[in-house]
Amino acid sequence: MFRVLRERYPLVRDELLGAWLVSRYEDVRDALARPWLVALPPGRTLSHMEGATHRAHRALLEPGLHGDALAALAAGAARTAHVLAHRIAARREADLVAEFCRWLPAAAVVTALGLPPEDAAYVQKWCRGGLTHLAGHHDELDARLRPHLVRRRAHPRDDLLSVLCAAEVGGRPLSDGTVTGLVGALLGGGGDATALALASFLANLLAHPDQLALVRERPELIPAAWAESLRRDPPAPVVLRRAVRPVAVAGTPLPAGAVVACLVGAAGRDPARFAEPDRYDVLRTDPGHLATGTGRHACLGAELACHIAEYGLRALLDALPGMVLAPGFRPASWGLLTRGPRTLLVRPG
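The structure displayed is predicted, hence computed values, not measured ones.

Concerning the overall build of the chain
Then, number 1: For the chain, the helix and strand inventory stands at 14 helices and 14 strands.
Then, number 2: Out of the 349 residues belonging to the chain, those deemed buried represent 50%.
Then, number 3: Taking as baseline every contact in the chain between residues at least 6 positions apart, the subset at least 24 positions apart corresponds to 70%.
Then, number 4: When the accessible surface of the chain is summed, it comes to about 15500 Å², and 56% of that surface belongs to carbon and sulfur atoms.

A few points about the packing of helix α6 (residues 104–113) against helix α14 (residues 302–319)
To characterise two packed helices, one gives the angle between the axes of the helices and the distance between these axes.
Then, number 1: Where α6 meets α14, the closest approach of the two axes is 10 Å, and the angle between their N-to-C directions is 125°. Of the possible angle classes, the one that applies to α6 and α14 is oblique. Between α6 and α14 lies a crossing of right-handed hand. Residues Leu104, Pro105, Ala108 and Val109 of α6 lie in contact with α14, whose contacting residues are Leu304, Ile308 and Gly312.
Then, number 2: Here the contact of α6 with α14 is built from residues that sort into six nonpolar, one polar and no charged.

Side note on the sheet that holds strand β14 (residues 345–347)
Across a sheet, strands are paired by hydrogen bonds formed along the backbone, either parallel or antiparallel in direction.
Then, number 1: Pairing is antiparallel across the open sheet formed by three strands, whose spatial order is β4-β14-β11. At either margin of the open sheet sits one strand with a lone partner, and together these are β4 (94–95) and β11 (324–325).
Then, number 2: Bridge count between β11 and β14: two bridges; the pairing is antiparallel. Each residue of the ladder has a partner; that of Val324, found in β14, is Arg347.

Side note on the nonpolar core
Then, number 1: Counting 68 residues, the largest nonpolar core has Leu96, Phe100, Phe201, Leu202 and Leu344 as its most contacted members.
Then, number 2: Looking at this core, the element that brings in the most residues is helix α10 (residues 176–207), giving twelve residues.
Then, number 3: The residues touching Leu96, leaving out its near neighbours within four places in the chain, are Ile88, Cys101, Leu202, Leu206, Leu316, Met323, Leu344 and Val346.

Topic: the pairing of strand β7 (residues 238–243)
Then, number 1: Pairing of strand β3 (residues 37–39) with β7, which is carried by three bridges, proceeds in the antiparallel orientation. Residue Ala39 lies in a different strand from β7, and its bridge partner there is Arg241.
Then, number 2: Pairing between β7 and strand β10 (residues 259–263): five bridges, direction antiparallel. Residue Val239 lies in a different strand from β10, and its bridge partner there is Cys262.

Notes on helix α11 (residues 209–217)
Then, number 1: The set of residues buried in α11 consists of Gln211, Leu212, Leu214 and Val215. Projected onto a plane normal to the axis of α11, the buried residues spread over an arc of 160° and lie on a single side. Opposite the packed face of α11, turned more than 90 degrees from it, sit the exposed residues Pro209, Asp210 and Glu217.

What to know about the confidence of the model for the chain
Then, number 1: Per-residue confidence for the chain gives a mean pLDDT of 84; residues scoring 70 or more make up 83%.
Then, number 2: Within the chain, helix α3 (residues 51–61) has the poorest average pLDDT of any element, 53, and strand β2 (residues 19–22) the best, 98.
Then, number 3: In the model, residues 42–48 has pLDDT below 50 throughout and makes 30 contacts with residues more than four positions away in sequence or in other chains.

With respect to the sheet that holds β3
Then, number 1: The strand order β1-β2-β10-β7-β3 describes an open sheet built from five strands, whose pairing is mixed. Each edge of the open sheet is held by one strand with a lone partner, namely β1 (11–14) and β3. Strand-to-strand twist of the sheet, defined as the mean angle between neighbouring strand axes without regard to direction, takes the value 35°.
Then, number 2: The sheet contacts of helix α2 (residues 25–33) involve β2, β3, β7 and β10, and relative to β10 the element is tilted by about 130°.

Quick word on the side chain of Thr180
Then, number 1: Here Thr180 lies in helix α10.
Then, number 2: One polar contact links the side chain of Thr180 to the main-chain carbonyl oxygen of Asp176, over a distance of 2.8 Å.

Here we look at α2
Then, number 1: Those residues of α2 not exposed but buried are Tyr25, Val28, Ala31 and Leu32. One side of α2 holds all its buried residues, which, seen down the axis, span an arc of 135°.
Then, number 2: Tucked into the core, α2 has its buried residues touching β2, β3, β7, β8 (247–249), β10 and α13 (264–267).

Regarding unusual backbone geometry
Then, number 1: In the Ramachandran plot, Ala250 falls in the positive-phi region, its phi being about 55° despite a non-glycine side chain.
Then, number 2: Relative to the assigned elements, Ala250 resides in the loop between β8 and β9 (252–254).
Then, number 3: Phi angles above zero are rare outside glycine, and Glu276 is one such case at about 45°.
Then, number 4: Following the sequence through the fold, Glu276 ends up in the loop between α13 and α14.

Let's talk about the pattern of salt bridges
Then, number 1: Per the counting criterion, the structure on display carries 19 salt bridges.
Then, number 2: Between Arg144 and Asp119 there is a salt bridge, with the nearest N and O atoms lying 2.8 Å from each other. Here Arg144, found in helix α8 (residues 139–154), pairs with Asp119, found in helix α7 (residues 119–128); they are 25 residues apart in sequence, far enough to count as distant.
Then, number 3: Residue class for Arg144 comes out partly exposed when judged on its relative accessible area of 28%.
Then, number 4: Ionic pairing is found between Glu220 and Arg218, a salt bridge with its closest N-O pair at 3.4 Å.
Then, number 5: For Arg218, a relative accessible area of 35% corresponds to the partly exposed category.

About the cut-offs
- Residues numbered from 1 in each chain as written.
- Predicted model: local features only at pLDDT ≥ 70, side-chain atom pairs only at ≥ 80, totals over all residues.
- Heavy atoms only, no water.
- Helix = DSSP H or I, 4+ residues; strand = E, 2+ residues; numbered from the N terminus.
- Buried < 20%, exposed > 50% of the residue type's maximum accessible area, 1.4 Å probe, protein only.
- Contact = heavy atoms within 4.5 Å.
- Areas by Shrake-Rupley, 256 points an atom, 1.4 Å probe, with all protein chains shown as cover.
- Axes fitted to C-alpha atoms, helices over the stretch in contact; angles between N-to-C directions.
- Parallel < 35°, antiparallel > 145°, perpendicular 65-115°, else oblique.
- Left-handed = near helix turned anticlockwise from the far one by under 90°.
- Nonpolar A, V, L, I, M, F, W, Y, C, P; charged D, E, K, R; others polar.
- Pairing = 2+ DSSP bridges.
- Core = buried A, V, L, I, M, F, W, Y, C linked by side-chain atoms within 4.5 Å.
- Arc of directions from axis to C-beta.
- pLDDT = per-residue confidence, 0-100.
- Polar contact = N/O pair within 3.5 Å; in protein donor to acceptor, adjacent residues only side chain to side chain.
- Salt bridge = Lys/Arg side-chain N within 4 Å of Asp/Glu carboxyl O.

As structure tokens, this is what we get:
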């Protein structure tokens, strides 16, 4: 379907989806970077904000996802990955999606926020119930965060939640609703999208033993292998945007209010941009994936997700040195707006 769209209908109106589909790499990249195309549906997250408000709120989150904070978070992710991997090692057969991928990203973000470790289980439940990187209002999340917000405002700690509670915009502190919305975006993105991306990453390596062997021999290739998986199998192959003012997409003017479906999955397989685009190749010199956005909408947690994937794979290779797909099992991805393997059966080896 993506191939037909790229070749014959690079911009086409889909009445069922109620959106304009854009599928070629250059056009998708341009649309994702447009400041007047914001996330859908309406909400209170970074993807919905404009101008100075967007820049101010983004600046609040960035310190918590870089530098020393990122290093501490990566260390926590490494410890969690080690524990999860060694639990699997004792099994004759295991499902990496259920027993590894769904737990590791949520636990890492919960650690960054300074929330209790058991909250990772709640994040998983909320993500299955619809919490995504777009956050929106989530009653259970609001209720669970409220006492933490009160405590952090009175007694800040060295964690990302304290950074948000102590931050000011225009001389005024962020409201509880704004903090909760930003936290929800991090939890939803780190919990669900990263879990799907991690599952696809492991599936790609396990389905290509020669590539996995290469990564075993040269662990420094892990970030490239992760980027290549995001290009080939993004966790969100269809990204919806809404025009807040008239805007041109793929050379065609669209009115304010128009919904644009950026087909990231199609763009990542565009032969005009990538040689042999359907092939998984960890040695690809310029993956150029769009899975984590671009421009003002570039994902703040992209570096964190890469660390989670790297430490996760390292832990699995250490605990399960002979890890292979279970006999007769072949990974299969499911979903449209979000996509990835729902099961990934392996033998520890």
